[in-house]
Amino acid sequence: MAITSAQGAIRAASRPAPSSPAGRQRTSLGRKARDNLTGHAFLIGAVLCFAVFSWYPMVRGIVMSFQRTRRGETTWVGWDNYLRILDDPSFWTAWKNTFYFTVLALVLGYAVPFFVAILLNEFRHAKGYLRILVYLPVMLPPASALFLFKFYAYDPSDAGLFNAILKALGLPTSQWMQSPDMTMPAMVIASTWMNMGGAVLIYLAALQNIPGELYEAAELDGAGIWRRILHVTIPQTRLILALLAMLQIVATMQLFIEPLILANGAGAEDSATSVAYLIYQHGFFQNDLNGAAALGVIMLVVLAGFSAVYLRLTAKQD
């Protein structure tokens with residue numbers, strides 16, 4: 001009996017003492033503090049990257065747009081840089097070309113990926129292969145893809161790919177990048193081919209989330225493919241369509257690499273000069289960093305205005 005009692009006492013002593021409410025609270029607070037510390041460490045790294053590489057250049061550009069630097073001396077000139085930029089005829093030409101490219105890109109580059117996604121969604125076999133085929137141009141370096149278009153597809157002679165196709169169809173050939181009227185459509189075609197892969201995959205993901213019962217009900221009502229797209233597909237994907245429309249506008253208004261490579265900058269009769277290329281020209285060719293900063297701020301305000309309109313419209317729809 002004495003041995004049994006001693007063993008029971010040893011087991012009782014070896015059991016962990018029940019923790020008090022205050023102890024449990026301290027343990028929970030310590031665990032939360034460690035979790036928060038880890039989260040804040042990752043957050044601080046991201047904030048520092050944005051501050052150094054995004055926010056500081058933005059603030060510095062806004063400050064520079066109100067200054068003038070000559071021979072290492074910086075002076076405040078107020079709105080002089082903006083007035084000087086607005087008096088430049090190239091400024092209005094660049095905005096006209098940029099808006100023209102944006103409209104063409106919305107007509108062609110925005111609609112084509114959506115209908116390509118609808119077409120791919122209807123296939124029952126080789127879906128993976130077709131997705132890779134559509135996404136492949138996105139994986140190419142933009143400069144390489146544009147040089148391919150410039151020297152192979154847009155060759156103004158009959159040896160060019162597009163001119164060979166037009167000639168085979170009995171249609172008149174084109175000078176493409178050497179023609180002021182065809183410069184912008186040619187750049188839109190090249191830009192659409194390069195960038196539509198990502199949009200197609202996003203549209204495919206949205207299309208596959210549409211309930212099949214909606215299409216079955218539409219077919220029972222006698223709706224053809226166009227009515228199904230109009231009354232089922234588009235309403236079910238309107239949020240994705242609106243978001244990608246806004247992203248398309250913001251991206252196309254920053255048109256730069258296409259005119260730089262395809263049209264050697266300005267193009268025939270300044271038909272390819274964009275706002276982003278004009279900023280590049282002021283900063284690196286004319287050594288006018290303050291004018292380039294003013295142009296950048298104007299573009300920032302315009303894009304912010306488009307974003308505000310988009311947010312207002314989507315808020316009303318919601």
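Remember, it's a predicted structure, so these values are computed and weren't measured experimentally.

Helix and strand content of the protein: 15 helices and two strands. The 318 residues of the protein split such that 33% are buried. Taking the intrachain contacts of the protein between residues at least 6 apart in sequence as the baseline, contacts between residues at least 24 apart amount to 64%. A total accessible area of about 19,900 Å² is found for the protein, and carbon and sulfur atoms account for 67% of it.

This part is about the confidence of the model for the protein. When pLDDT is averaged across the protein, the result is 83; 88% of the residues are at 70 or more. The least confident element of the protein is helix α1 (residues 2-14), whose mean pLDDT is 49; the most confident is helix α3 (residues 80-86), at 91.

Let us look at the environment of Gly-296. Relative to the elements of secondary structure, Gly-296 occurs in helix α15 (residues 289-317). Accessibility expressed as a relative area gives 28% for Gly-296, which makes it partly exposed. Taking the C-alpha atoms as reference points, Gly-296 and Leu-278, 18 residues apart in sequence, are found 9.8 Å from one another.

Let us now look at the packing of helix α5 (residues 111-122) against helix α11 (residues 225-236). Put simply, α5 and α11 touch, their axes get as near as 13 Å, and they point 105° apart. With respect to each other, α5 and α11 are oriented roughly perpendicular. Residues Phe-114, Phe-115 and Ile-118 of α5 form the contact with α11, whose participating residues are Trp-226, Ile-229, Thr-233 and Ile-234. Across the contact of α5 with α11, the residue classes tally to six nonpolar, one polar and no charged.

Turning our eyes to something else, we now look at the side chain of Gln-67. Following the sequence through the fold, Gln-67 ends up in strand β1 (residues 67-70). A relative accessible area of 8% places Gln-67 in the buried class. When residues no more than four places from it in sequence are discounted, the contact partners of Gln-67 are Arg-60, Thr-74, Thr-75, Trp-76, Val-77, Asn-81 and Asn-290.

Our focus in this paragraph is the side chain of Ser-174. Among the structural elements, Ser-174 can be located in the loop between α8 (161-168) and α9 (183-207). At a separation of 3.0 Å, a polar atom in the side chain of Ser-174 contacts the main-chain amide nitrogen of Trp-176. Those residues in contact with Ser-174 that lie beyond four places of it in its chain are Pro-156, Asn-163, Leu-166 and Met-182.

What follows is about the layout of surface pockets. What the largest pocket holds in volume is close to 390 Å³. If you go around the largest pocket, you meet 22 residues; those closest to its centre are Ser-191, Asn-195, Gln-248, Ala-251 and Thr-252. Looking at the lining of the largest pocket element by element, the count peaks at seven residues for α9. Of the residues belonging to the lining of the largest pocket, the class tally is 14 nonpolar, seven polar and one charged.

Moving on to a nonpolar patch on the surface. Together, Leu-140, Leu-148, Tyr-152, Leu-161, Ile-165, Leu-169, Leu-171 and Trp-193 make up a nonpolar patch on the protein surface, roughly 720 Å² of accessible area in all. For the nonpolar patch, the elements supplying multiple residues, two or more each, are α7 (142-153) and α8. Note that Ile-165 resides in helix α8.

Where β1 lies against strand β2 (residues 73-76), four bridges are found, and the strand directions are antiparallel. Pairing of Arg-70 across the sheet is with Glu-73, part of β2. Hairpin connection, β1 to β2: the antiparallel pair is bridged by two residues, and Arg-71 has positive phi, about 55°.

Criteria and thresholds
Residues numbered from 1 in each chain as written. Predicted model: local features only at pLDDT ≥ 70, side-chain atom pairs only at ≥ 80, totals over all residues. Heavy atoms only, no water. Helix = DSSP H or I, 4+ residues; strand = E, 2+ residues; numbered from the N terminus. Buried < 20%, exposed > 50% of the residue type's maximum accessible area, 1.4 Å probe, protein only. Contact = heavy atoms within 4.5 Å. Areas by Shrake-Rupley, 256 points an atom, 1.4 Å probe, with all protein chains shown as cover. pLDDT = per-residue confidence, 0-100. Axes fitted to C-alpha atoms, helices over the stretch in contact; angles between N-to-C directions. Parallel < 35°, antiparallel > 145°, perpendicular 65-115°, else oblique. Nonpolar A, V, L, I, M, F, W, Y, C, P; charged D, E, K, R; others polar. Polar contact = N/O pair within 3.5 Å; in protein donor to acceptor, adjacent residues only side chain to side chain. 1 Å grid on protein atoms, 1.4 Å probe; cavity = no way out; pocket = protein on both sides within 12 Å on 5 of 7 lines; lining within 4 Å. Points joined across faces, edges and corners; volume = space filled by probe spheres on them. Patch = residues over 30% accessible without salt bridge, like charges linked within 9 Å, V, L, I, M, F, W, Y side chains within 5 Å. Salt bridge = Lys/Arg side-chain N within 4 Å of Asp/Glu carboxyl O. Pairing = 2+ DSSP bridges.

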